[in-house]
Amino acid sequence: MEIEILEMEEMKGCFILKDSSPAMANALRRTMLTSIPKMAIDKVEFHLGPIMMDDKEYESVTPLFDEIVAHRLGMVPVPTDHQLFSFQKDCVCGGEGCPNCTIMYSLNKIGPCTVLSGDMMPLGNPDLAVKDHFIPLVELTDGQAVLIYATAVMGTAKEHAKWQAAFGVGYKYLPVISIDEKKAGEPHVLKCESICPRGVFEVKNGNLKTKDTLNCNMCRDCENTSRGAVSVGADDTNFYFKYETDGSLTAKQVLDKATEILSKQSEEAFAHMGEAL
């Protein structure tokens, strides 16, 4: 099995999984979706009672129920560093909460304003500030205020969607397109260039050629138009993957962690097989 990176930006990537199988491709997809550990806000404490700010008293209330605000905070992408943080159950603190397994944020705003994710301030390390500063959380009117302390911990999407690091993870068999060279210059074959909805073909030197095979969605309009001069198939040993992240981890970190998890699971499976034999 081999991975060929085609594009790797901060929050999205695409690659080809080579010399593999549908089972392994699906395992990789499921791992990227559900098994990547990441930090997310899991506990929110709201200040009750009036809030004094600049010699003025504000009411500690918002137009939304506290539960809704807490849910929105939980879905805000929190920066994750697997070298710094661990699961609470595996932490040296025994799950009580410490800088090795938790991140504390404070949010203190007075109205009128729109409270944004960028208003969340990390307590301690400023590098742990959320990257997306413009996620709206709640509207405050004049005389309203919020004072919130939120705690982020490590988890996976198997527990809750707020711990899902990768989104839109999809793959397809690598398209295989062949063109009959003897018929590549015939008018009905050349027409494939214009009827293809994905721009897969081009005409060069009077003959139909493939331009972007990876973009093929296998609609097979070209097969019908070319009267069989063009054939479209699929390679079930090579897979084209595309995915995005929420920003808590980079696209490269998600892929690296997924392959690490799969590799560890494979080693454990082989070890159990050896013990059974």
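Here's what I pulled together on the structure shown here.

So, how was this worked out
Residues numbered from 1 in each chain as written. Predicted model: local features only at pLDDT ≥ 70, side-chain atom pairs only at ≥ 80, totals over all residues. Heavy atoms only, no water. Pairing = 2+ DSSP bridges. Helix = DSSP H or I, 4+ residues; strand = E, 2+ residues; numbered from the N terminus. Axes fitted to C-alpha atoms, helices over the stretch in contact; angles between N-to-C directions. Core = buried A, V, L, I, M, F, W, Y, C linked by side-chain atoms within 4.5 Å. Buried < 20%, exposed > 50% of the residue type's maximum accessible area, 1.4 Å probe, protein only. Contact = heavy atoms within 4.5 Å. Salt bridge = Lys/Arg side-chain N within 4 Å of Asp/Glu carboxyl O.

1. Here we look at the sheet that holds strand S11 (residues 166-179)
If you trace the four strands from one edge of the open sheet to the other, you get S1-S2-S14-S11, paired in antiparallel fashion. Among the strands making up the open sheet, the edge pair consists of strand S1 (2-8) and S11. Between one strand and the next, the sheet's axes are offset by a mean angle of 30 degrees, whatever the strand orientation. In this sheet, strand S14 (residues 230-245) lies alongside S11 in antiparallel orientation, the contact comprising 12 bridges. Across the sheet, phenylalanine 167 pairs through a bridge with glutamate 244, a residue of S14.

2. Brief notes about the nonpolar core
Proteins that are soluble and globular tend to have nonpolar side chains buried together. Counting residues in hydrophobic clusters, the biggest one holds 23 residues, and the most contacted among them are Leu73, Ile103, Tyr105, Leu107, Val115 and Met120. Every element with two or more residues in this core is listed here: strand S3 (38-46), helix H2 (66-74), strand S6 (102-110), strand S7 (113-116), strand S9 (136-140) and strand S10 (144-155). Looking at this core element by element, the count peaks at five residues for S10. Filtering out sequence-adjacent residues up to four positions away, methionine 120 remains in contact with Ile41, Leu73, Val76, Tyr105, Ser106, Leu107 and Val130. Counting 20 residues, the second-largest nonpolar core is a separate cluster that includes Ile36, Phe241, Leu255 and Leu262.

3. Digging into the environment of glycine 74
Positionally, glycine 74 belongs in helix H2. Each C-alpha atom, one on glycine 74 and one on tryptophan 163, is 8.8 Å from the other, the two residues being 89 residues apart in sequence. Those residues in contact with glycine 74 that sit more than four places away from it in its chain are Ala40, Ile41 and Lys162.

4. Describing the pattern of salt bridges
Following the criterion strictly, the structure yields 12 salt bridges and no others. For aspartate 142, the salt bridge identified is with lysine 56, shortest N-O distance 3.7 Å. On the criterion of sequence distance, the pair formed by aspartate 142 in the loop between S9 and S10 and lysine 56 in strand S5 (residues 56-60) is long-range, its members being 86 residues apart. Taking relative accessible area as the criterion, lysine 56 reaches 36% and is therefore assigned partly exposed. One salt bridge in this structure joins lysine 252 and aspartate 256, with 2.8 Å as the shortest N-O distance. Of this pair, lysine 252 and aspartate 256 both sit in helix H6 (residues 251-276), four residues apart, roughly one helical turn. With relative accessibility at 36%, the residue aspartate 256 sits in the partly exposed group.

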